[in-house]
Amino acid sequence: FIREDLRRSLVSIHIRDIGVQEYQPVFDKARIKLAELEQKHPGFKLRLTGTPVVASYKVREMIEDLASSLMLAGLIIFITMAMAFRSALLGFVSVLPNIFPLALTAATLVWLGMPLQMASVIVFNIGIGMAVDNTIHLITRFQRELPIDRDVTAALYRTGMSVGKAVLSTTVVLLAGFGSVGISEIPVTRLFSMLACMMLASALIG
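These lines cover the structure that appears in this document, whether it is placed above or below. (Residues numbered from 1 in each chain as written. Predicted model: local features only at pLDDT ≥ 70, side-chain atom pairs only at ≥ 80, totals over all residues. Heavy atoms only, no water.)

**Side note on the overall build of the protein chain**
Inference 1: A tally of regular secondary structure across the protein chain gives six helices and two strands.
Inference 2: Across the protein chain, helices and strands are ordered from the amino to the carboxyl terminus as β-β-α-α-α-α-α-α.
Inference 3: Its C-alpha atoms give the protein chain a radius of gyration of 24 Å, more than 25% over the compact-globule value 17 Å for 206 residues.
Inference 4: Each of the three principal axes of the protein chain carries a C-alpha extent, and together these read 85 × 40 × 30 Å. (Helix = DSSP H or I, 4+ residues; strand = E, 2+ residues; numbered from the N terminus. Rg over C-alpha atoms; globule rule 2.2 N^0.38 Å.)

As structure tokens, this is what we get:
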């Protein structure tokens, strides 16, 4: 497309939607080549733009920000748990069931060959929040039940019968809510639904 009155031209290229990770090196190389052409032809300004290009850089920044915030959240959770339970050991132990749903979901993404997207990163943050909530309920109740008879097995049973039912009910309700989004015709929404359900179920198992 050429506009002689504005002294501008636009070259439009259609590309397949195969993910930011695949196109990022291509966009970087294209920018370098355009810069080289500018040097060879003084007076010309060449820019790589368009929704896919702009979105790729912005989405990558958002994913990196969310990933760093997820790591920070994990550290804060460990410190908070250790302080709340007055035990560094309990703080460490409480982190394990919270890592499990994250690791399982990440492994599933790798197994399916799916790149990291905004939807999947957001699910990670939801998952760690849900897992932490369950962990706090269970450990707090267990600490109350254990002094009754100092029987670990009996304390675990009573904890499961009391708090466990509430945790299970909450998870089932959330699974129904997130699962209903899976019928969407939008691929990103279906991905979010699938990962969210996987994260919630694995958090319950953890």
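After that view of the structure, there is still more to cover.
**Considerations on the environment of His137**
Inference 1: Summarising the element assignment, His137 is placed in helix H4 (residues 118-149).
Inference 2: Sequence-wise, His137 and Ser193 are 56 residues apart; in three dimensions their C-alpha atoms are separated by 25 Å.

**A few points about unusual backbone geometry**
Inference 1: Here Arg7, not a glycine, exhibits a phi torsion of approximately 55°, which is positive.
Inference 2: Among the secondary structure elements, Arg7 is positioned in the loop between strand E1 (2-3) and strand E2 (8-9).
Inference 3: Positive phi, normally seen in glycine, also occurs at Arg150, with a value near 60°.
Inference 4: Relative to the helices and strands, Arg150 is located in the loop between H4 and helix H5 (152-180).
Inference 5: Arg150 sits in the exposed class, given a relative accessible area of 58%. (Buried < 20%, exposed > 50% of the residue type's maximum accessible area, 1.4 Å probe, protein only.)

**As for the packing of H4 against H5**
Inference 1: It is at 8 Å that the axes of H4 and H5 come closest, and there the two elements cross at 155°. For the element pair H4 / H5, the angle class is roughly antiparallel. Like other packed secondary-structure pairs, H4 and H5 cross with a definite hand, here right-handed.
Inference 2: A breakdown of the residues in the contact of H4 with H5 according to their chemical character gives 12 nonpolar, seven polar and four charged. (Axes fitted to C-alpha atoms, helices over the stretch in contact; angles between N-to-C directions. Parallel < 35°, antiparallel > 145°, perpendicular 65-115°, else oblique. Left-handed = near helix turned anticlockwise from the far one by under 90°. Nonpolar A, V, L, I, M, F, W, Y, C, P; charged D, E, K, R; others polar.)

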